[in-house]
Amino acid sequence: MTREKLYLYDTTLRDGQQTQGVQFSTEEKQQIAQTLDALGVDYIEGGWPGANPTDSAFFDAAPKTRARFTAFGMTKRAGRSAENDDVLAAVMNAGTDSMCLVGKTHDFHVTTALGITLAENTENIRASIAYIAAQGREALFDAEHFFDGYKANPEYATEAVLAAYSAGARWVVLCDTNGGTLPEEIGAITRAVIDAGIPGDRLGIHTHNDTANAVAGSLAAVDAGARQIQGTLNGLGERCGNANLITLIPILMLKSPYAERFEIGVSKDALRGLTAASRQLDDILNRVPTKQAPFVGASAFAHKAGLHASAILKDPSTYEHIDPDLVGNARVIPMSNQAGQSNLRRRLSEAGLSVEAGNLALVRILDRIKEREAEGYTYDSAQASFELLAREELGQMPAFFEVKRYKVTVERRKNKRNQMVSLSEAIVVVKVDGEKKLSVSESIDAEGRDRGPVNALWTALAKDLGRYGDAVADMRLVDFKVRITGGGTEAVTRVIIDSEDAQGRRWSTVGVSANLVDASFDALLDAVNWKLLREGAVARA
Ligand SMILES: CC(=O)SCCNC(=O)CCNC(=O)[C@H](O)C(C)(C)COP(=O)(O)OP(=O)(O)OC[C@H]1O[C@@H](n2cnc3c(N)ncnc32)[C@H](O)[C@@H]1OP(=O)(O)O
Ligand SMILES: CC(=O)C(=O)O
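Attention in this report is confined to the structure presented alongside it. (Residues numbered from 1 in each chain as written. Chains lettered and ligands numbered in written order. Predicted model: local features only at pLDDT ≥ 70, side-chain atom pairs only at ≥ 80, totals over all residues. Heavy atoms only, no water.)

1. Some thoughts on unusual backbone geometry
Note the threshold: Under the DSSP-based scheme used, a helix requires at least four consecutive residues in state H or I and a strand at least two consecutive residues in state E, with every element numbered from the N terminus. Categorising residues by exposure relies on relative accessible area from a 1.4 Å probe, with only protein chains included: less than 20% of the type maximum marks a residue as buried, more than 50% marks it as exposed, and the intermediate range marks it as partly exposed.
For the peptide bond that leads from S256 to P257, omega is 0°, which places it in the cis range. Mapped onto the elements, P257 comes out in the loop between helix 10 (245-254) and helix 11 (258-261). At N418, a position not held by glycine, the phi torsion is positive, near 65°. Relative to the assigned elements, N418 resides in the loop between strand 11 (402-414) and strand 12 (420-432). Given a relative accessible area of 54%, N418 falls into the exposed group.

See below:
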């Protein structure tokens with residue numbers, strides 16, 4: 001049986017950025033776009049060009065993606081032509097092949113929020129979509145408040161979406177903007193729109209999670225005939241969030257009747273990257289991953305009750321609705337050292353380490369990871385630290401150098417202009433090839449500003465690493481995340497450092513301590529050791 005194509009439209013970088021407390025940098029947007037592209041979504045909505053400097057900069061250096069990279073904006077305002085609307089012009093000038101414009105479809109919003117007549121609004125929608133289509137570009141129309149609008153005035157809501165469709169919109173996306181419509185009603189109204197003349201393969205669904213039904217509402221629209229789903233990674237989005245693609249993707253690929261009826265752009269291989277994609281986003285946002293997140297949470301396949309754990313060991317399907325491996329997650333069975341070995345072997349092989357099944361080192365690695373995670377470490381994203389830990393247990397970790405001691409001071413004092421300034425200084429003593437080396441460094445940028453104690457430590461460490469100096473010369477620290485976490489009985493500080501080198505490699509390392517500077521130094525040492533490994537450095541016996 002041929003399966004029908006179902007399109008996935010990701011709006012993490014636009015509606016996801018409307019989440020309280022979320023503001024992606026341009027680099028973070030680039031990183032997320034690459035992850036989405038690797039996952040296999042069909043559209044990546046990058047943001048609203050012209051609305052803020054970050055979005056504009058992101059579109060200026062738009063990533064090259066296989067997915068259709070889409071700019072978001074709104075329909076032209078009344079009293080001016082589409083050609084002369086400056087907000088629309090900024091969206092058009094972003095130069096993307098696809099553009100998604102939001103427009104009003106609820107009569108109350110037209111008269112109250114916009115203060116124009118219904119006819120004027122319909123004309124704004126028509127003219128804006130026609131303007132995009134006339135340039136041979138793909139137009140999408142986000143029908144804002146469509147379901148509430150349809151309930152209040154079905155004739156007008158239908159007129160508004162038909163205007164977009166007739167003007168050439170490739171997709172008309174029905175939005176449950178306030179998130180209050182329940183799945184059954186979403187299905188019925190979607191069917192009514194199809195009956196009114198817009199075919200299902202031109203209809204999309206955009207739901208919000210205000211009643212925790214965004215995923216169910218999206219599926220109801222698909223059941224009714226819609227063929228595009230809009231959503232976000234981890235369900236980010238305005239207020240309670242959008243439909244969670246991290247939940248929807250495995251449902252569409254693994255659950256009946258969707259798996260049999262539909263084809264989406266995500267391959268089975270890419271599906272295995274789902275857990276990593278979800279955790280990468282949490283990492284970027286410096287959020288603790290939700291343990292109970294369906295499919296990807298650390299508890300999604302954790303079996304605590306004795307009855308469960310015992311049956312699971314006989315056959316995992318006794319208490320699991322899918323094999324966790326399919327989504328890149330791992331089974332957790334407390335007390336069983338066998339748990340998670342296949343997952344561990346896969347992670348090791350990603351680090352270039354091939355370890356045969358049954359090797360006792362696997363048990364030791366798992367034990368150490370568990371111990372360290374109890375202390376506050378996390379290895380989900382800190383792949384470089386994970387590799388170093390594994391190498392130690394496998395006897396494959398060279399001792400390049402030894403840190404004998406270090407010291408950091410931070411001083412606040414008045415400068416000549418009577419301004420309070422800070423100055424960080426570090427001293428690091430290392431032993432390389434039997435020889436002690438003492439380096440002192442201040443951390444000051446080109447404008448004379450203090451770059452902080454961790455930077456001072458890094459520059460002191462890198463200053464004299466003897467014959468390893470050249471190998472780390474092109475390395476720089478690009479991100480630094482701090483989180484206070486409950487490790488054991490006391491709160492500890494976890495630091496994750498992202499480093500980069502001139503060859504475009506980027507790696508993450510983790511350090512934990514009750515002391516912020518110690519935790520940072522711990523992560524820093526891992527970063528340097530990983531770089532030395534990659535450079536093929538050889539330690540002298
Ligand atoms: C449902 C959604 O989530 S849609 C996405 C919403 N996202 C955002 O709002 C974030 C980005 N937005 C922005 O940065 C700004 O709102 C901008 C740059 C787009 C516009 O800024 P401003 O010109 O200062 O307008 P402001 O934000 O104050 O108000 C929006 C204006 O657009 C009008 N408007 C709102 N929706 C539409 C629409 N679909 N079509 C035409 N005009 C619209 C409003 O009536 C208002 O006009 P007014 O100032 O003449 O009353
Ligand atoms: C367009 C959009 O984000 C909404 O209506 O919710």
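2. Considering the packing of helix 5 (residues 118-134) against helix 7 (residues 154-166)
Where we set the bar: A fitted line through C-alpha atoms serves as each axis, taken over the contacting stretch for helices, and the angle formed by two N-to-C directions is quoted from 0 to 180°. Orientation categories follow fixed angle ranges, with anything under 35 degrees roughly parallel, anything over 145 roughly antiparallel, 65 to 115 roughly perpendicular, and all other angles oblique. In this scheme, a crossing is called left-handed if the near helix is turned counterclockwise away from the far one by less than a right angle; it is called right-handed if the turn is clockwise. In this analysis, two residues are considered to be in contact whenever any of their non-hydrogen atoms come within 4.5 Å of each other. We call Asp, Glu, Lys and Arg charged. Ala, Val, Leu, Ile, Met, Phe, Trp, Tyr, Cys and Pro are nonpolar, and the rest, Gly among them, are polar.
One can describe the packing of helix 5 onto helix 7 by two numbers: an axis separation of 8 Å at closest approach and a directional angle of 20°. The angle between the axes of helix 5 and helix 7 places the two elements in the roughly parallel class. The handedness of the crossing between helix 5 and helix 7 is right-handed. Contacts between helix 5 and helix 7 involve L118, N121, T122, I125, R126 and I129 from the first element and Y156, E159, A160, A163 and A164 from the second. Class assignment of the residues belonging to the contact of helix 5 with helix 7 gives a composition of seven nonpolar, two polar and two charged.

3. Looking at the site of ligand 2
Convention followed: Whether a residue is near a molecule or strand depends on its heavy atoms: if one lies within 4 Å, it is near. Whenever two N or O atoms come within 3.5 Å, that pair is a polar contact, provided that in protein one can donate a hydrogen and the other can accept it, and provided that, for residues adjacent in sequence, both atoms are side-chain atoms. For every accessible area listed, the method is Shrake-Rupley and the probe measures 1.4 Å; residues are considered covered only by the protein chains on display.
In the neighbourhood of ligand 2, the contacting residues comprise R14, D15, V102, D142, E144, C175, T177, H206 and H208. Between an oxygen atom of ligand 2 and a side-chain N or O atom of H206, the distance comes to 3.1 Å. In this structure, H208 approaches ligand 2 through a side-chain N or O atom, which is 3.0 Å from an oxygen atom. A total of 210 Å² of accessible area belongs to ligand 2 in isolation, and the protein chains cover 93% of it.

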